[in-house]
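What follows is the residue order along each chain.
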Amino acid sequence: MQTNLKAMRKYDAGLILITLVAVVAFVSVLFSLSPNTSATPRFSQLTYLDVDNGNALDFTTITQTPRTDWTPISSPINLGMNTNVHWFSMVIAPTQSNESRFLLHIDYPLLDSIDVAIYSQIGSTPIATYSGGDGLHFDNRPVSHVKPLFPLPVSAQSQRVIIRVQTSGSVRLPIRIWEETEFIAYTSSRNLALGIFFGILIAMGVSNAFLTVTMTWSTKITQPS
């Protein structure tokens, strides 16, 4: 019985060590897959508007708001808990390739309502509008993704994007503009890393449960009757 206890303790110590190694390896992989924050962003002139009559504005009248009323801000945006309607504006760089469109990615899934409008630089009427947020059914999102993700029209010219946000929680907008192929490659690699990590955890859990049952059964057999 003493031998069995020693064997179990050694196994548990090895299991803890393997788990720690797996966690460190997983974190390292995630950091290596994280977006390169030092890269030049594909948007500029990021500003926001927080007004009492924000609900009275829409995607047509918002473009008539003087630029002096907009406040410059940098991404990632975090305005804390606020239930007011917030408007955000930015200019998107021209699409570099006709084969891969840009995707507007808001890396925060807990916004209740988020609406997006895209404008040409010479127009005041949006050329495309989208709705998202966790208040919208998953099937009605422009892109089936857990986080707000919006396709941007291919354009050889800069485009203005205006975002309307209202939420009962924290107003956070970590913004990134991806090329579609770049985003697919990133999410595929991240999902693979997640699958491997959780696969290791499940395998270790099953192995530990099997060893515990085996040791318990062996102890009962070896005990004198």
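Everything that follows concerns the structure shown earlier in this document.
Residues numbered from 1 in each chain as written. Predicted model: local features only at pLDDT ≥ 70, side-chain atom pairs only at ≥ 80, totals over all residues. Heavy atoms only, no water.

A. Fine view of a nonpolar patch on the surface. Where nonpolar side chains cluster on the molecular surface, the patch consists of Leu 192, Ile 196 and Ile 200 and spans about 280 Å² of accessible area. Topologically, Ile 196 is positioned in helix H2 (residues 180-222). (Patch = residues over 30% accessible without salt bridge, like charges linked within 9 Å, V, L, I, M, F, W, Y side chains within 5 Å. Areas by Shrake-Rupley, 256 points an atom, 1.4 Å probe, with all protein chains shown as cover. Salt bridge = Lys/Arg side-chain N within 4 Å of Asp/Glu carboxyl O. Helix = DSSP H or I, 4+ residues; strand = E, 2+ residues; numbered from the N terminus.)

B. A look at the pairing of strand S11 (residues 175-179). Burial of S11 is extensive: four of the five residues sit out of reach of the surface. Where strand S5 (residues 102-106) and S11 come together, five bridges link them in antiparallel fashion. Along S11, the bridge assignment pairs Leu 103 with Trp 178. (Buried < 20%, exposed > 50% of the residue type's maximum accessible area, 1.4 Å probe, protein only. Pairing = 2+ DSSP bridges.)

C. Structural detail: the sheet that holds S5. In spatial order, the strands read S8-S5-S11; together these three strands make up an open sheet with antiparallel pairing. The open sheet has two edge strands, strand S8 (149-151) and S11, and neither has a second partner. Strand-to-strand twist in this sheet, taken as the mean axis angle between neighbours without regard to direction, amounts to 25°. (Axes fitted to C-alpha atoms, helices over the stretch in contact; angles between N-to-C directions.)

D. Geometry of the sheet that holds strand S9 (residues 159-166). Taken together, six strands build an open sheet; the order of strands is S2-S1-S4-S9-S6-S7 and the sheet is antiparallel. Each having just a single partner strand, strand S2 (71-72) and strand S7 (128-132) make up the two edges of the open sheet.

E. Spatial organisation of the pattern of salt bridges. A complete count under the given rule lists five salt bridges for this structure. Residue Glu 182 is joined to Arg 42 by a salt bridge in which the shortest nitrogen-to-oxygen separation is 3.2 Å. In this pair, Glu 182 sits in helix H2 while Arg 42 sits in the loop between helix H1 (2-33) and strand S1 (43-50), placing the two residues 140 residues apart along the sequence. A salt bridge links Asp 115 to Arg 164; its shortest N-O distance comes to 3.8 Å. Placement of Asp 115 in strand S6 (residues 113-120) and of Arg 164 in strand S9 is noted, with a sequence separation of 49 residues between them. You'll find Asp 115 and Arg 164 in the same group, each marked buried.

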